[in-house]
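Here is how the chains run, residue by residue.
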Amino acid sequence: MRAELIDGKKIGQAMRAELRPEIAALRQRGVTPGLAVVLVGEDPASQVYVRMKGRACDDLGMRSETIRLPADAAEAELLAVIERLNADPEIHGILVQLPLPKQINETRVLHRIVPGKDVDGFHPENVGKVAIGDPTGFRPATPYGVQQLLVRSGVPTSGAHAVIVGRSNIVGRPMASLLLHKGKGADATVTVCHSRTRDIGAVTRQADVLIVAMGKPEFVRGDMVKPGAVVIDVGVNRVDDATTEKGYRLVGDVAFEEAAAVAARITPVPGGVGPMTITMLLYNTVQAARQWAD
Ligand code: GUN
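Points about the layout of surface pockets
One way to see where empty space is left: roll a probe the size of a water molecule over the atoms.
Step number 1: The calculated volume of the second largest pocket comes to roughly 370 Å³.
Step number 2: Forming the walls of the second largest pocket are 18 residues, and the residues nearest its centre are Gly-121, Phe-122, Val-127, Asn-169 and Ile-170.
Step number 3: In terms of residue class, the lining of the second largest pocket is made up of ten nonpolar, six polar and two charged.

Brief notes about the site of the ligand
Step number 1: Taken together, the neighbourhood of the ligand is formed by Leu-95, Val-96, Gln-97, Leu-98, Asp-120, Phe-122 and Ile-170.
Step number 2: Within the backbone of Val-96, a nitrogen or oxygen atom sits 2.8 Å from a nitrogen atom of the ligand.
Step number 3: Leu-98 is positioned such that a nitrogen or oxygen atom in its backbone is 3.0 Å from a nitrogen atom of the ligand.
Step number 4: Protein chains bury 77% of the 280 Å² of accessible surface belonging to the ligand in isolation.
Step number 5: By residue class, the composition of the shell around the ligand is five nonpolar, one polar and one charged.

A word on the packing of helix α6 (residues 141-152) against helix α10 (residues 274-293)
Step number 1: Remark: α6 packs on α10, axes separated minimally by 8 Å, with the N-to-C direction vectors making an angle of 105 degrees. On the basis of the axis angle, α6 is roughly perpendicular to α10. Touching Ala-141, Thr-142, Tyr-144, Gly-145, Gln-148 and Leu-149 of α6 are Met-276, Thr-277, Met-280, Leu-281, Tyr-283 and Asn-284, all from α10.
Step number 2: For the contact of α6 with α10, the residue count by class is seven nonpolar, five polar and no charged.

With respect to helix α1 (residues 8-28)
Step number 1: An ideal rise of 1.5 Å per residue puts 30 Å on 21 residues; α1 measures up with 31 Å between its terminal C-alpha atoms.
Step number 2: Among the residues of α1, those classed as buried are Gly-8, Ile-11, Gly-12, Met-15, Arg-16, Leu-19, Ile-23 and Leu-26.
Step number 3: Lining the buried residues of α1 we find α2 (44-59), α6 and α10.
Step number 4: A distance of 3.0 Å separates the backbone nitrogen of Lys-9 from a side-chain oxygen at the start of α1, and that oxygen is part of Asp-7.
Step number 5: Downstream of α1 by one or two residues, Gly-30 has phi in the positive range, about 85 degrees.

About the criteria used
Residues numbered from 1 in each chain as written. Predicted model: local features only at pLDDT ≥ 70, side-chain atom pairs only at ≥ 80, totals over all residues. Heavy atoms only, no water. 1 Å grid on protein atoms, 1.4 Å probe; cavity = no way out; pocket = protein on both sides within 12 Å on 5 of 7 lines; lining within 4 Å. Points joined across faces, edges and corners; volume = space filled by probe spheres on them. Nonpolar A, V, L, I, M, F, W, Y, C, P; charged D, E, K, R; others polar. Near = heavy atom within 4 Å. Polar contact = N/O pair within 3.5 Å; in protein donor to acceptor, adjacent residues only side chain to side chain. Areas by Shrake-Rupley, 256 points an atom, 1.4 Å probe, with all protein chains shown as cover. Axes fitted to C-alpha atoms, helices over the stretch in contact; angles between N-to-C directions. Helix = DSSP H or I, 4+ residues; strand = E, 2+ residues; numbered from the N terminus. Parallel < 35°, antiparallel > 145°, perpendicular 65-115°, else oblique. Contact = heavy atoms within 4.5 Å. Expected span 1.5 Å × (residues − 1). Buried < 20%, exposed > 50% of the residue type's maximum accessible area, 1.4 Å probe, protein only.

In structure tokens form, the structure reads like this:
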């Protein structure tokens, strides 16, 4: 039997609708949640993401500001923008779109954002809070979105073996933290695999929940998936395809058709994890505004 799809677009939309009353309540208190997105350069994928973030804010009655800097901007220029946003009382969340151009030190930039506005959850203070389960910390949007997909699809995680492929600071590591917590969408036994893992298929085949975030197109094949597993594909890769109008198509880190023939449930690419990350960024911005107002 073919796997059932986990529809991130639908779940994301439902979750965005649930934010409306809280945004309305904050606005009544004179606080309109505000998100600033900083984009350096003209990376086409980043431009699409940044536009989508701005639109999602507008749609929910949040404030949004996009700051664009040229690809050759100096690090000092970007740090000055962050300082201004740190001090702006109308901005509750700040996101610097990654990747940054080579002349800019990413760590220095991310650490300059005040932790209370760091809705990406990349500042060490938030990384630490998330690791110890402090709810005032900001959970990075992608793993937070994956966890919500599992919760809202009724995937049992308690006692389950969750295998994460990829150890990035943006997805793999915080994903492991979230699944190790006590509570809903957590209490899992967690294994993290990476590029140096020996016989990775032997590990992924043990997964009740397999979460793949390594950035390699269609790396996980059908024979790496345990029959009946739940597969969450975080990858978004452009691969050349002359038969499409744009000359490329998007594929995940999982060979979808092969995995769908084995798994019980699977996320598509696009339309799986992607729409959830923007939704959770909105949740984090509302959380930032609430914590600022209280
Ligand atoms: N680029 C790819 N993913 C992300 C993310 O989660 N946050 C930011 N700021 N940039 C990204």
